[in-house]
Every structure is written in C-alpha cells, then in structure tokens.
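Here are the chains, one letter per residue:
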Amino acid sequence: MDNNDIIALLKKYSLGECTPDEEALVETWYINHRTGSLNFSIEELSADLEHINVQLLEHAKRRKARLWPKFVAAAAAIGLILSIGTYFLNYKKLPDQQYAQIQKYDVGPGGNKAVLTLSNGKQIVLTEARKGKLASENEIEIRKTADGKVVYSSDTEAKKINADLEYNTITTPLGGQYKLVLSDGTNVVLDAASSIRYPVSFVGGERRVEITGQVYFEVAHHKLKPFRVIAAGQTVEVLGTHFNINAYNDEPSIITTLLEGRVNVTKEGKSVILKPGQQSVVNGGALNVVEVNTDKAVAWKNGYFRFNDEKIESILRELSRWYGIKVIYKGKVPEEGFSGKISRYKNISQVLKMLEYSGTVRFTLEERKVVVM
C-alpha cells in the first residue's frame, strides 16, 4: 500500500465509511506505525489530512472519551496529540525501556487448540491430529478438515432413531479456540477455556447440548427438533438461528446475544424471548433483556477484541483467557471505561501498549504474568 492508498483509506476511516475489513487494516497500520515498523513521510500525509484535525476537535466535544475511537488512527498519522476526554489529557508514549521489558516476556496470541473426548473416553488432541478421518461412532464419521474444523457426517443420522445416545466433548484450553459442525449441520465456534458436550447423532424429539465458557452457534433449522443449549443452569431453545452465549464462571453474568432468528431463554422458572439485536443478562435471580450492538458479542469469533466503555478488570479477564496469562493488581484499580477494537492476533505487548495510551494504567509483563499498576 502506497501513501496515496493510505491517505484515501484514512479519509474513509475518518468519515466512518470503512468496511470492517478496512477498519481492521487501518487499526493494524496504526499499531505498526506506533511500533515503528512502517516507513513513510508524516509530512507528506499532513497536507491532505489537515481537515481531519478539525473533525477530531469537533468529535472530541461530542463524544465520550475513547481509547482508540474513530479518527484516532488518522490523528496519529499526522502527529497530533489530542485531548479527547480524560483518556488523551495526559497522553505519553510508553517509555522505551518499559516497552522493551514487555517485549522481552511477550506472549503470542492463542490459536486453534482443542481436545476431542470420544464416548469411550479416548482423547484426541486436535491440534496434532492430521486431516481426514478421526474416528467413527454410532455409524457417524468424525473428520478433521483441511482448515482445522471437526465435522460429523450426517449421512446415516436418519437411520439411528432408536439408537442410544453417545456423547462426545470438545474442550479448548486457555489460548485455544475451535470450530465444529454437528451431525445435524449446526456450526459451532468455541472460545478459549470453553467446552461443548453433544450427542454423536441427534435422536428423539430434541437436539440438546451442554456448554461452558463462550460458544457461538449457527443452528441448522429443523422444525420438528428444537435445539436446546444448557449453560450454567440456563436453557436456550431455538429451531434455527445464530446466537452467542457467554457463560464463563468468572464473569458476573450469563449473557446470550441473538444475531438472527428467535430464541427462548429460561433460567430458574423465568423466561424471555429474544429478537435479533437483543441480549439476555442473567445475574443472580434476575433475567433482563437489553438492546445491543451484536458486533461486541461476536467480536472474538471474528478475530477482534472489542470494548465498549468496559472496565479494565473485565478486559483483562478476556485477555487472560486468550493469552493464558495471570493478572496481578497493585494499587487502586482504575474506574474509567475503555472503548476500542484491536486484532486478537497481536502479541499481548501490543494490546497492553494500546491500553497504556489512556494514561490511566500501566503494566509490567514477566513470565506470563501481567502486573497492573
């Protein structure tokens, strides 16, 4: 990409006209620029991007403070140091010595890692397994595809109405994620430190699975067989739809977000029906429904961290699962909310560096431990 391409893309970004892929490209470019891996003339960009400065100043008056909101990448390109609420009031570059320490103990991102446990107890490490046939159970063939997905063949499912249920389980470790296609054609994506227990073939009048952690579903439609997901005592029932469930034990709430179709969420006798763009939040005995931007809920599946006015403790819980690190707090935990988006495929040092731009928090990193100061 030459400078003219960068200029054109930054203009689109500043106007909020980028596609998600273009947004990701700009934000990746911004991070690389901050770490000094791009070589281009700031002065050359300044003239064509001068008008963005005016937009930034107006933007600052209208919106809450954000960690790296729209326009910030463009601002960085022309060397502007802005005051956008409290986050940019005391902006400073991370000292080279401190950043060097973080890089020394840097941690790479997670990847496709999981273990498949068959009904007989045999375990298959999917990361190491070759593509092709993994096993055969209940006349269902289990295969690993070339792109690293586990697929259950549905060719013989109709013949197994009277068969006993045989269950398999896929478990992802810290720093792992995995994709799965169930025997009915339902697509499943597991986030880090998650699991799904499911029948090899769905027999009888329902399709029932159990999960822990965070799992995304694209359920194959079958009007005679409702699909039910059990998570921490909550039941989600659908016929065919796209939704995400976040049910980590260390999170304060069970959150179910509907992207497409319709679901019924039940918890301890209480029940709500969600429409696309809605989210159910189970906290203790309360079951509430809120309107949301679904991009936040499925950002992990699409390869991003996305934070919307999120507390640092919540952010670091997510980072700890994906990077497999331990978090230690020293001193008062910042109360400010952080907002922004960054690729999940960056090293943790780059994510921490972006968070430090707020001026409200500092980190040290040593042997898979992040100390928050």
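The structure we're discussing is the one just above.
Anyway, here's the lowdown on the structure attached to this text. (Residues numbered from 1 in each chain as written. Predicted model: local features only at pLDDT ≥ 70, side-chain atom pairs only at ≥ 80, totals over all residues. Heavy atoms only, no water.)

### A short note on the pattern of salt bridges
Selection criterion: One side-chain nitrogen of Lys or Arg within 4 Å of one carboxyl oxygen of Asp or Glu is enough to make a salt bridge. Runs of H or I in DSSP of at least four residues are treated as helices and runs of E of at least two as strands, each being numbered from the N terminus.
Within this structure, the stated rule accounts for eleven salt bridges. Among the ionic pairs, Arg344 bridges to Asp191, the shortest N-O distance being 3.2 Å. Taken together, the residues span a long stretch of sequence, with Arg344 in the loop between strand E22 (338-343) and helix H9 (348-356) and Asp191 in the loop between strand E9 (187-190) and strand E10 (195-199) at a distance of 153 residues.

### A few points about H9
Note the cut-off: We call a residue buried when its accessible area falls under 20% of the maximum for its residue type, exposed when it is over 50%, and partly exposed in between, using a 1.4 Å probe and counting protein chains only.
Within H9, nine of the nine residues are buried, leaving the element largely enclosed by the surrounding structure. Restricting attention to buried positions, one finds in H9 the residues Ile348, Ser349, Gln350, Val351, Leu352, Lys353, Met354, Leu355 and Glu356.

### A word on the nonpolar core
Test applied: Nonpolar core, defined: a set of buried Ala, Val, Leu, Ile, Met, Phe, Trp, Tyr and Cys residues in which side-chain atoms within 4.5 Å join the residues together. Residues are treated as being in contact if the distance between any of their heavy atoms lies within 4.5 Å.
Membership of the largest hydrophobic core comes to 43 residues, with the highest contact counts inside it found for Leu116, Ile170, Ile196, Phe217 and Phe243. With residues up to four places along the chain from it excluded, the contact list for Leu116 reads Lys122, Gln123, Ile124, Leu126, Leu134, Ile142, Tyr152, Asn168, Thr169, Ile170 and Tyr198. Among the nonpolar cores identified, the runner-up in size contains 25 residues, and Leu319, Val333, Val361 and Val370 belong to it.

### Notes on the pairing of strand E5 (residues 140-144)
To be explicit about the condition: Strands are labelled as partners when DSSP assigns at least two bridges between them.
The two faces of E5 differ: Ile140, Ile142 and Lys144 on one face are buried, but Glu141 and Arg143 on the other face are not. Across five bridges, the pairing between strand E4 (residues 132-137) and E5 is antiparallel. Among the inter-strand pairings, Gly132 is bridged to a residue of E5, identified as Lys144. Here E4 hands over to E5 after two residues, with Asn138 in that stretch at a positive phi of 55 degrees. As paired strands, E5 and strand E6 (residues 150-152) are joined by three bridges and run antiparallel to one another. When the bridges of E6 are listed, Arg143 appears paired with Val151. Between the end of E5 and the start of E6, which pair antiparallel, lie five residues, with Gly148 showing a positive phi angle near 80 degrees.

### Notes on the packing of aromatic side chains
So the rule is basically this: Between the rings of Phe, Tyr and Trp (Trp by its six-membered ring), a pair exists once the centres lie within 6.5 Å; its type follows the angle of the planes, with under 30 degrees stacked, over 60 edge-to-face, and the other angles tilted. Only when the NZ of Lys or the CZ of Arg is both within 6 Å of the ring centre and within 35 degrees of the ring normal is a charge said to sit over the ring.
Here the structure, examined in full by the defined rule, presents seven aromatic pairs. Ring geometry for Phe305 and Phe307: centres 6.2 Å apart, planes at 15 degrees, overall stacked. Of the residues examined, Phe307 reaches a relative accessible area of 1% and is grouped as buried. Counting every residue linked through ring pairs, the aromatic cluster contains Phe202, Phe217, Phe227 and Phe243. The cationic tip of Arg321 hangs over the ring face of Tyr248; the distance from NZ or CZ to the ring centre is 3.7 Å.

### Describing the sheet that holds strand E21 (residues 326-329)
Rules: Note on geometry: axes are C-alpha line fits, over the in-contact stretch for helices, and angles between N-to-C directions span 0 to 180 degrees.
In space, the three strands of this open sheet follow the order E21-E24-E23, with mixed pairing throughout. The sheet is open, and its two borders are formed by E21 and strand E23 (363-366), each paired with just one other strand. Strand-to-strand twist across the sheet, computed as the mean angle between neighbouring axes with direction ignored, equals 20 degrees. Here E23 pairs with strand E24 (residues 369-372) via four bridges, running antiparallel. If you follow Thr364 over to E24, its bridge partner there is Val371. Sheet strands in contact with helix H8 (residues 312-323) are E21, E23 and E24, and its direction is about 155 degrees off that of E21.

### A short note on the environment of Val215
Looking at where Val215 falls in the secondary structure, it is placed in strand E11 (residues 207-218). For the pair Val215 and Val188, spaced 27 residues apart in sequence, the C-alpha separation works out to 7.0 Å.

Distances and angles like these do not, on their own, reveal function.
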